[in-house]
6 protein chains.
Amino acid sequence: MKIAVFRRAHFNAAHRLHNPAWSDEKNQAVFGLCNNPNYHGHNYELEVKVVGEVDPETGYVIDMGALKQLIYEEVEQRFDHKNLNLDVPEFKDLIPSAEHICFVIWQLLRQRLPDNLDLAVRLYETPRNYVEYPA
Amino acid sequence: MKIAVFRRAHFNAAHRLHNPAWSDEKNQAVFGLCNNPNYHGHNYELEVKVVGEVDPETGYVIDMGALKQLIYEEVEQRFDHKNLNLDVPEFKDLIPSAEHICFVIWQLLRQRLPDNLDLAVRLYETPRNYVEYPA
Amino acid sequence: MKIAVFRRAHFNAAHRLHNPAWSDEKNQAVFGLCNNPNYHGHNYELEVKVVGEVDPETGYVIDMGALKQLIYEEVEQRFDHKNLNLDVPEFKDLIPSAEHICFVIWQLLRQRLPDNLDLAVRLYETPRNYVEYPA
Amino acid sequence: MKIAVFRRAHFNAAHRLHNPAWSDEKNQAVFGLCNNPNYHGHNYELEVKVVGEVDPETGYVIDMGALKQLIYEEVEQRFDHKNLNLDVPEFKDLIPSAEHICFVIWQLLRQRLPDNLDLAVRLYETPRNYVEYPA
Amino acid sequence: MKIAVFRRAHFNAAHRLHNPAWSDEKNQAVFGLCNNPNYHGHNYELEVKVVGEVDPETGYVIDMGALKQLIYEEVEQRFDHKNLNLDVPEFKDLIPSAEHICFVIWQLLRQRLPDNLDLAVRLYETPRNYVEYPA
Amino acid sequence: MKIAVFRRAHFNAAHRLHNPAWSDEKNQAVFGLCNNPNYHGHNYELEVKVVGEVDPETGYVIDMGALKQLIYEEVEQRFDHKNLNLDVPEFKDLIPSAEHICFVIWQLLRQRLPDNLDLAVRLYETPRNYVEYPA
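First, a word on scope: everything that follows refers to the structure included in this document. (Residues numbered from 1 in each chain as written. Chains lettered and ligands numbered in written order. Predicted model: local features only at pLDDT ≥ 70, side-chain atom pairs only at ≥ 80, totals over all residues. Heavy atoms only, no water.)

So, the interface of chain F and chain A
Size of an interface: often given as the accessible area lost when the parts come together. Put simply, the test is: Should any heavy atoms of two residues lie within 4.5 Å, those residues are counted as being in contact. The term buried area refers to how much accessible surface (probe radius 1.4 Å) is lost by two components on association, counted for both of them together. We count a salt bridge whenever a side-chain nitrogen from Lys or Arg sits within 4 Å of a carboxyl oxygen from Asp or Glu. Polar contacts, as used here, are pairs of N or O atoms within 3.5 Å; protein pairs need one atom able to donate a hydrogen and one able to accept it. Residues neighboring in sequence count only if both atoms are side-chain atoms. Only DSSP runs of H or I covering at least 4 residues are called helices, and only runs of E covering at least 2 are called strands; the numbering of each starts at the N terminus.
Counting residues at the interface gives 21 residues for chain F and 21 residues for chain A. Buried area between chain F and chain A, both sides added, is near 1600 Å², and the carbon and sulfur share of it is 52%. When residues of chain F are sorted by the area they lose upon contact with chain A, Asn38, Asn43 and His81 of chain F head the list and together hold 36% of the total. Applying the counting rule to chain F against chain A returns zero salt bridges. Between chain F and chain A we count 16 residue pairs in polar contact (both at pLDDT 80 or more) in total. Among the elements of the structure, β1 (2-15), β2 (40-53), β3 (82-83), α3 (84-87) and β4 (118-126) of chain F are those that each provide at least two residues to the side of chain F that touches chain A. Among the elements that line the side of chain F that touches chain A, the one with the most residues is β2 of chain F, at four residues.

Put into structure tokens, the structure is as follows:
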């Protein structure tokens, strides 16, 4: 019996959308307010979905306390109260759009989960804008 | 790398569920309070999901400002503060159930999006009743 | 020991803002989209606050089941799935703005509650627009 | 035209996670606070998803009033204001984890729905922990 | 400059409404489903409001980390994943209605806060039923 | 008949808590993660409350469209997608704590509202931390 389990977490971070290969004018035209050189920020809300067989001895797909701890170690410790552009090495050469942040989180969690569990990540940048990987 | 991006919007509208091929008694029996001849209304909440490849130059699947504008033009301008039965031509011969409204919105947005992007629409009629197309 | 207890309820209704003493032009200028002659609608969310002494034998200020039933009788039965302008006598000569609806609900509930209980009503027309009486 | 329709409901219940084949020590080590012998509880929030063809005569996949009634009979009447371990026969020999509760609800609803409708159930144990079947 | 600051927290607990001075019949008549002898439960959501002068050196009324820790020590450690009737001494002779739980929490926090800070507590038993002390 | 009307808005911003009169060590000790020199950020959610007499000709305390525009001009244009420390002159010598931001917003709106209307501002820094002025 395969079931999906979901765990939510959040982190607060500053970021800026900027492509260094472009002129300032093009960055401004494409990214608008999100290109502010002094950064802006968000309360990012994260939904982690793990799919697997239910263990009949525990009734669990995965221990939610262990999943919460894993999200803390891999996501909150790296991203919470940080400037994504300046403080997080993963975004040194990668624009920290919601899409890219979501994919980076998926990669960080994927390498810590057993192969028999499937993983999807949804990231809310605001309550009205959010992304999901894989689609 | 395919990612899903989501954008929320809303509109407030009046509607009535009524099948003109039926007697008043049958309409009342099937649709109950929703058949009120003087209409009732809802705060419709819309979730638009677009799936596509991330552009590495922007980190975007689609410019969320452009998607917001598209939803404004195709959905909000047609439906917001309207009577769906009387003011919206798409429902002249189509019962404005949540299912039908959702499908009409999907059609309106589908014809404005490039073919390489997939589209799904979720429509909340109330926080407890909602629909999604495609399923 | 005085405590406030709160109960939420909701109703879905159509309405139109229109002052019959004014020209159509003035109504349109003042009320804008809300003046649509064919009505629009909302999911109204209601918060009823009752303040009183806690009964030590029950631990209750008021039986929440009784308060729920009172809201059903006085508010939901009158307003749910109705056209406020056409179906509700209280708005025959009163513009059904959120402010007026809130005050009418307060009056309807006030006359059914014992004098030793205080009452306040908050009405959400949308999640971003709401009113409260008394202020 | 296949569409998914969703209906939400809720119930409040007590439960305890405990595997009778294990020692108290192992139960405590695996289930932690959830193993409290005196139980704890939750406001469970339920999302029922039904997928099917839209009936052109009604605009409905399924009558939402009928679905609401079905959820009331099969879920709320069994589980609301109950102790899942003591009052609900389905959990006599099954640990009432969110995963198992979700699967039991799916079974109860599945046997009452016509074969041409697909069913999925999402169960929120808290706003941050939830599960879905099928995955 | 006086400002109110708010901090939210939550705990999950089982409880039962029962007055031992009454017959089982009267308890059942007054408390209904909430009288279940095997208990039921809730995700209690807590809002703590502290009012005081803003310290110009920090911009704080109170350090929110300290307030979070205080709520953890006085509320979460006592109530989370507990049976309020059996595990919490404060309810040995006090019916654990939302009103009484709210007042007990206010007392526990009040004795830990400096006198120059005012305190109010709101407790959500469900998203539709909640209480506040002082009123 | 006095009624309170509420309007919600939001803005996304970066900020940092830092008292320049203190050493780095003291700033770190007092403000912790919020002292990150590279900033972090939030989705700030704003609730503006205006209290006044209802105009019987409109049913309004204040035109909500005008209030929305006022919030846009005085709050969103100044703060949205900005770094509060670097881009907003009001915080040149004022620590942008939630308390101070709330008070600055109150001042900005107060000078634009007629004297016969009362004003209160609530500012959510996260869904769990928020402040209100006046208290």
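Notes on the interface of chain F and chain C
Note the cut-off: At least two DSSP bridges between two strands are required for those strands to pair.
Taken together, the contact between chain F and chain C spans 22 residues of the former and 20 residues of the latter. At the boundary of chain F with chain C, total buried surface from both sides reaches about 1800 Å², with 54% on carbon and sulfur atoms. In this assembly, chain F and chain C are joined by one salt bridge. Residue glutamate 45 of chain F is joined to arginine 128 of chain C by a salt bridge in which the shortest nitrogen-to-oxygen separation is 3.2 Å. Taken together, the connections running from chain F to chain C amount to 11 residue pairs in polar contact (both at pLDDT 80 or more). Where strand β5 (residues 129-133) of chain C lies against β1 of chain F, four bridges are found, and the strand directions are antiparallel.

Things to note about the environment of alanine 135 of chain A
Along the chain, the position of alanine 135 of chain A falls in the segment after β5 (129-133). Between the C-alpha atom of alanine 135 of chain A and that of methionine 1 of chain A, which follows or precedes it by 134 residues, the distance is 23 Å. Sequence-distant contacts of alanine 135 of chain A, defined by excluding residues within four places in its chain, comprise Lys2, Ile3, Ala4 and Val51 of chain B.

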